[in-house]
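# Residue-level structure breakdown
Here is how the chains run, residue by residue.
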Amino acid sequence: MKNTRIARKCIAGTTSGAFGMAALVAASAGFGTFSATPVAAQSLCSTYTVASGDTLSQIASRADVAGGFQFLFNANTNILSNPNLLEVGQVLKIPCADGSLPGATVASAAPAAAAPVTKAVAKPASFVTASGYAPFTDESLPGGGMITQMVGRAMEIGNPDQDYRIVFVNDWGSHLTELLPSGAFDMTFPWFLPDCSRVDILSKPNADRCNLFDASDAFYEAGVSYYTMKDSPYAAVTEYSNLAGATLCRPDGWFTFDLEGEGLVEPTINLVFGTSEEACWERMIAGEVDVVTYDTLPAEEDYRTLGIVDQITELDALASTVTLHVFTPKDNPNGRAYLDIVNAGLEELRLSGEWFQIVRSQIQETVEN
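Residues numbered from 1 in each chain as written. Predicted model: local features only at pLDDT ≥ 70, side-chain atom pairs only at ≥ 80, totals over all residues. Heavy atoms only, no water.

### Comments concerning the overall build of the protein
Scanning the protein for helices and strands turns up 12 helices and 12 strands. For the protein, the residues scored as buried account for 55% of the 369 residues in total. Within the protein, contacts between residues separated by at least 24 positions form 75% of all contacts whose residues are at least 6 apart in sequence. Accessible area for the protein stands at about 15100 Å²; split by element, carbon and sulfur atoms hold 52% of it. (Helix = DSSP H or I, 4+ residues; strand = E, 2+ residues; numbered from the N terminus. Buried < 20%, exposed > 50% of the residue type's maximum accessible area, 1.4 Å probe, protein only. Contact = heavy atoms within 4.5 Å. Areas by Shrake-Rupley, 256 points an atom, 1.4 Å probe, with all protein chains shown as cover.)

See the structure below:
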C-alpha cells in the first residue's frame, strides 16, 4: 500500500483550453500585470473593488487571506468564473479572519430537509476514497476532509432514506482500475474530470474516465498553479507559450491534460516527473528544472512546509482550474440513481451556504495546522 503522500499523486484530470484563452485575454487587457496606479488598501472582512493590474494572488496576499487566492476565489464564485480573469470594477468579498464573509449570516449546519425528490435504492451505496490529499480527503482531517464531508452531507440531504458507507483504501491507482470495475464499490471520489469533448487527445486511461464512468456535478473547482525561482528567466511569463524551452516538473501520476490542452508538450517543453512533490521542488532549487506545477492547495502546503516561500514566485497569469467529482461505472445498474441523490444533496449544500462553511473550515484546518 502506498504511503499517503505518494497515494495522492494518482488523481488526474484536465482543464479546458478556455482557461488558456482567459489567461491570454487577462494578460492582454492588463489584468495580469502590475499597475503603476496606487491600489486601494485591502483588509480582511471587507469588500474590494478590482483595479487594473490586480490578480487574485496579489489581493489575497495584500489582505493576508488564509488559504490565498484559492480561498478568495471560493468566496467569490458568484462573480468570478475563472481565477485568471478579473474585470476592473468587480467588487470582491474578502473573508474575515474566522473565514466567514463580510455581512454574512451563519447558515444552519443541518438545514431542514424538504421531502426527497430522489428515489432511494435498496442496496446501500458504497464509496471508496483515500488519504493523503488534504484538504480534500484525509482520515486525519475532521469528517475525513472537505470532499468526504461534502459527499456524506450530500447523501444525507439528497435522500435521508438512502443507506451509504465511505471507506478509505489508500491505493488511489486501484480505485478506477480494480475496485469499481469489480463491483467492490459503487463510487469513488474525488477525481478530476477531463474535457470529454476532446477525448481524442487523451491517453487511454484518462479517456476511459469519459468512456467508462459517469460523473457527479462538480463538488469543487481546484486551482492549478505554476511556480519558478524568483531569479528565473521565466519569472515574468504571462502566457503558456512563454514557457517554450523550459523544463517543467509535475509529481509522478498527477494530471497532465491541462498541459496538453495548452500545447505544453514535448518538444515545446521538457516534462519531467518527480518521484514526489518534494522532489520537484528540490530539483527546481538545484537548477535542474525551471517550473513546478500541480494543484494549488497541496502545492502551497508543500512549499510552506519546505520553508522556501521566499525563494519562489507563482506565475499568476498561468493559473487555471479543474473540477473534482464523484465517479461511478456506466454499467453500474444503480449508478445513476446514486448520482441523482449526490447531485440533489450537493445543490442543497450550495443553496444553504453549508458548502462554503465546509470549504472554509477545511482550508483553515489545513492552513493553520
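### Focus on the confidence of the model for the protein
Any region with low pLDDT has predicted coordinates that should not be read closely. Across the protein, pLDDT averages 82, with 83% of residues at or above 70. Between residues 1–39, whose pLDDT stays under 50, and residues either more than four places distant or in other chains, the model counts 112 contacts. Ignoring residues within four places in sequence, the model shows residues 106–113, a span with pLDDT below 50, making 13 contacts including any to other chains. (pLDDT = per-residue confidence, 0-100.)

### Considering the pattern of salt bridges
Counted by the stated rule, this structure contains eight salt bridges. With its nearest N and O atoms 2.8 Å apart, the salt bridge here joins D54 to R62. Residue E288 is joined to R283 by a salt bridge in which the shortest nitrogen-to-oxygen separation is 3.1 Å. Judged by its relative accessible area of 47%, E288 falls in the partly exposed class. Exposure remark for R283: the relative accessible area of 29% places this residue in the partly exposed category. Among the charged side chains, a salt-bridge network with shared partners connects R153, E156 and E354. (Salt bridge = Lys/Arg side-chain N within 4 Å of Asp/Glu carboxyl O.)

### Considering the state of the cysteines
Simply put, disulfide is the name for a covalent bond between the sulfur atoms of two cysteines. Counting across every chain of the model gives three disulfides. One disulfide in the model links C45 with C96; its S-S distance is 2.1 Å. The disulfide joining C45 to C96 has a torsion of about 55° about its S-S bond and is therefore right-handed. Taken together, the positions of C45 in the loop between helix 2 (17–29) and strand 1 (46–49) and C96 in the loop between strand 2 (91–94) and strand 3 (125–129) put the pair 51 residues apart, joining distant regions of the chain. By relative accessible area, C45 is classed as partly exposed at 42%. (Disulfide = S-S within 2.5 Å.)

### Focus on unusual backbone geometry
In this chain, A134 is followed by P135 through a cis amide linkage whose omega measures 5°. A cis amide bond, omega -10°, links F189 with the succeeding residue P190. Checked against the element boundaries, P190 lands in strand 5 (residues 187–192). A positive phi angle is found at C45, which is not glycine, with a value near 60°. Of note in this structure, D64 is not a glycine but carries a positive phi near 60°. Among the secondary structure elements, D64 is positioned in the loop between helix 3 (56–63) and helix 4 (68–74). Residue classification places D64 among the exposed positions, given a relative accessible area of 61%.

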